[in-house]
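Structural overview for review
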Amino acid sequence: MGNRLADETSPYLRQHADNPVDWHPWGDEAFALAREQDKPVFLSVGYSSCHWCHVMAHESFEDAATAEVMNRLFVNVKVDREERPDVDSVYMQAVQAMTGRGGWPMSVWLTPDGRPFYGGTYYPNSDRQGMPAFPRVCEAVAEAWRDRRDDVVEQSTRLTQAIDEDILRPDAVVEPTRALLRDAYDNIAGQFEPRYGGFGRAPKFPQAMTIDFLCRAYLVNGSEQTLTMITTTLDAMAAGGMYDQVGGGFARYSTDDAWLVPHFEKMLYDNALLARVYLHAYLLTGNRRYERIVTETIEYVLRDLHHENGGFFAAEDADSEGIEGKFYLWSLDEIREVCGDDADEVIRYYGVTEAGNFVDPHTQYSGNILHVVDRDEEPPFAVLRAREALRARRDTRVRPGLDDKVLLAWNALFLATLVEAAAALERDEWKVAARANGRFLLTRLRRADGRLLRSWGAPHPAYAEDYAALLDALCSLAEFDHPSWLDFARPLADELLRLFHDEEAGGFFTSGRDAEQLVVRQKDVFDDATPSANSLAANALLRLAELIGALHYRAPASRVIGMFGRVAGSHPTAFANALAAVEREVTPSLEIAIVGARGDDRTRALVREVTRRFIPNAVLLVAEPGHVPSSLLFEGRSDAPEPTAYVCETYSCRQPVTNPDDLRAQLDAALAARQDAAT
């Protein structure tokens, strides 16, 4: 007999539809039943590609005896953290306050009015390595609810107050300065691991936003130390098993220092952010390896995560056939069989051995994770040729599970990367895909009343991160595709401010003023696996203000930046995308307007001069003569007699130029002036 999850939109919830646990989706019905039966609510939060979520499901939620305990003692609620980041965020803070750490699966016990009083993450089904068995924890929680109700209620009240007070509500904001950026740089440099790159020890997460900060810093300081931190990290990640050497794309994180052994799930947002920073590193250094990684990562998403209507799916699982990483592992014999005459070179290049380098701890299934032994070596022709055969063989295997949610914020993150890469690498087919995705997000993820949705086909209203990420993507489309996308950006910015802006204290709440109100109304402020709603909003609003000259969008962005100014310098990896907004605030914007027919080779040459180099804190618009958009960048510039570029900075414009060499000289001079000002 199934439970109430079979008709849910979330693949993660549907994975639990046949559990013997009497699961409820999040909603009033579950909490009303808890009040009626005077039971706590057990809240389990996870996502479909989460390996340890699967482990706890197999051990406990599929076990009839454990389910009997849960059904007898609690009203049980399942939540997909990717569909309901508001719910996840509130209770994750509670778990972190109680235990000092967090993660998924998340297990939290709530009072019938939704206040948390006990929680943790993964619990085994039997006592193991100092962790108590999940059924025993359930019995203890129920006993506390039954026999020590006053203590439980007091704990829930304290926790709820602590979560509410943890929201950034500063008494005063801090004016951002370049000194803050220097402090951030010094702290990042102090965390750098010089052998394999990255920041800190295993498990290692690919901190794309931190590396992007270093790319911007290198343009200012020109330091060999900065370049070493960038290239060591990017080279090691691209060589490791965390990068799919056969099919492209990155896994979520590495369990070891060398980026060799990943948890094998692939997330859309990681690949969006990593493709972007590899693109910026390529434009900065000219290293063709980084261009290859960008291309392979984007092609992976377009091939394996792309819906025919234009959206992008959320993730691929770590497991297939119940075995972690099985889809990605190779035996020595299979390599020899598939690669033929190229096998010896493939074995050498990818470090393949008889024993392998990975064993699934649950099934003991083993094999080789392909990795580049010499990370400075580019793949020889034999390896490139064999890789096609390896991918063809791998495509005959059972693929990991696909999380087919189409999430607005994650799609927008990839869209911004896709259109920038399309312009920089002159890939017209990517630009076509970007336009299709932009149209998809603006139409298919919208209710009849105009309110955006978090996920395609699901009823949940979009959150601040969705609106802010889409606004940023629309700015990218306007810059790298066509300025007409600004027609959608301005009303979206107005909706972002209307629904989420805290006019009293500044910043943006996670959920809209029209959404379900949880025990607290939070603000998403930390740049973690994805950029926070507040850093996304600050960056996007500043870009929009510069693109259209509507300076009233700067004020709410500046308040956010002032809030971050208290902590971003001392905790830079937690505010790496916020630092981009700080930098945009303290750096004079470079405004580049090009007027010329798009089909004219002279126009394309001018545009190429901008898009083929890394120029942060700049905005670009390209318009046809006589058809310029409503933007201060084009005031008095609608009828250039030949393709012409205009470069302005700090309310001062340079001489209009028609020659790419002259435009390059102006851009070089502007960037050199930035270096002088920063030092």
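Below, the structure is looked at part by part. A quick note: this is a predicted structure, and the numbers were derived from the prediction, not measured.

**Considering unusual backbone geometry**
A cis amide bond links tryptophan 104 with the next residue in sequence, proline 105, at an omega value of 5°. By the secondary structure assignment, proline 105 is in the loop between α5 (85-99) and β4 (106-110). Following alanine 202, the chain continues into proline 203 via a peptide bond in cis, with omega recorded as -5°. Tracing the backbone shows proline 203 in the loop between α8 (178-191) and α9 (208-221). Despite not being glycine, glutamine 129 has its phi angle at roughly 50°, a positive value. Residue position: glutamine 129 is located in the loop between β5 (116-120) and α6 (134-147).

**What to know about the side chain of glutamate 546**
With respect to the element layout, glutamate 546 can be found in helix α20 (residues 533-548). Of note is the side chain of glutamate 546, whose polar atom sits 3.2 Å from the side chain of serine 589. Those residues within four positions of glutamate 546 in sequence are excluded, and the remaining contacts are Arg554, Arg584, Ser589, Val619 and Leu633.

**Examining the state of the cysteines**
Scanning all chains against the criterion turns up 2 disulfides. What pairs with cysteine 50 in a disulfide is cysteine 53, and their sulfur atoms sit 2.4 Å apart. Note on the cysteine 50 and cysteine 53 pair: the S-S dihedral is about 85°, so by sign convention the disulfide is right-handed. Residue cysteine 50 is classed as buried on the basis of its relative accessible area, which comes to 3%. Of the residues examined, cysteine 53 reaches a relative accessible area of 3% and is grouped as buried. Cysteine pairing for the protein (bonded cysteines numbered in sequence order): 1-2, 3-4.

**Quick look at the pattern of salt bridges**
Summed over the entire model, instances satisfying the criterion amount to 64 salt bridges. Two residues, glutamate 388 and arginine 391, come together in a salt bridge whose shortest N-O distance is 3.2 Å. Residue glutamate 388 and its partner arginine 391 are located together in helix α15 (residues 381-394), separated by 3 residues, close to a single helical turn. Residue glutamate 388 is classed as partly exposed on the basis of its relative accessible area, which comes to 45%. As a salt-bridge pair, aspartate 668 and arginine 613 come within 2.5 Å of each other at their nearest N and O atoms.

**Describing the packing of aromatic side chains**
Inspection of the entire model under this criterion finds 33 aromatic pairs. Ring centres of phenylalanine 42 and phenylalanine 74 lie 6.5 Å apart, and the angle between their planes is 40°; this geometry places the pair in the tilted category. With phenylalanine 42 in strand β2 (residues 41-46) and phenylalanine 74 in the loop between α4 (64-73) and β3 (75-80), the pair connects residues that are 32 residues apart, well separated along the chain. Relative accessible area serves as the criterion here: at 2%, phenylalanine 74 is assigned to the buried category. With a centroid separation of 5.5 Å and an interplanar angle of 55°, the aromatic rings of phenylalanine 42 and phenylalanine 134 are classed as tilted. Here phenylalanine 134 lies in helix α6 and phenylalanine 42 lies in strand β2, a separation of 92 residues in the sequence. Phenylalanine 134 matches phenylalanine 42 in its accessibility class, with the two residues each being buried. Grouping aromatic residues by their ring pairs yields a cluster made of Trp23, Phe42, Phe61, Phe74, Trp109, Tyr118, Tyr123 and Phe134. The ring of tryptophan 23 has lysine 78 lying over it, and the distance from NZ or CZ to the ring centre is 5.1 Å. Cation over ring: arginine 81 sits above tyrosine 47, and NZ or CZ is 5.5 Å from the ring centre.

Rules of the game
- Residues numbered from 1 in each chain as written.
- Predicted model: local features only at pLDDT ≥ 70, side-chain atom pairs only at ≥ 80, totals over all residues.
- Heavy atoms only, no water.
- Helix = DSSP H or I, 4+ residues; strand = E, 2+ residues; numbered from the N terminus.
- Polar contact = N/O pair within 3.5 Å; in protein donor to acceptor, adjacent residues only side chain to side chain.
- Contact = heavy atoms within 4.5 Å.
- Disulfide = S-S within 2.5 Å.
- Buried < 20%, exposed > 50% of the residue type's maximum accessible area, 1.4 Å probe, protein only.
- Salt bridge = Lys/Arg side-chain N within 4 Å of Asp/Glu carboxyl O.
- Phe/Tyr/Trp six-rings, centres within 6.5 Å; stacked < 30°, edge-to-face > 60°.
- Lys NZ or Arg CZ within 6 Å of the ring centre and 35° of its normal.

Note that every value here comes from positions in space, so none of it alone points to a role or purpose.
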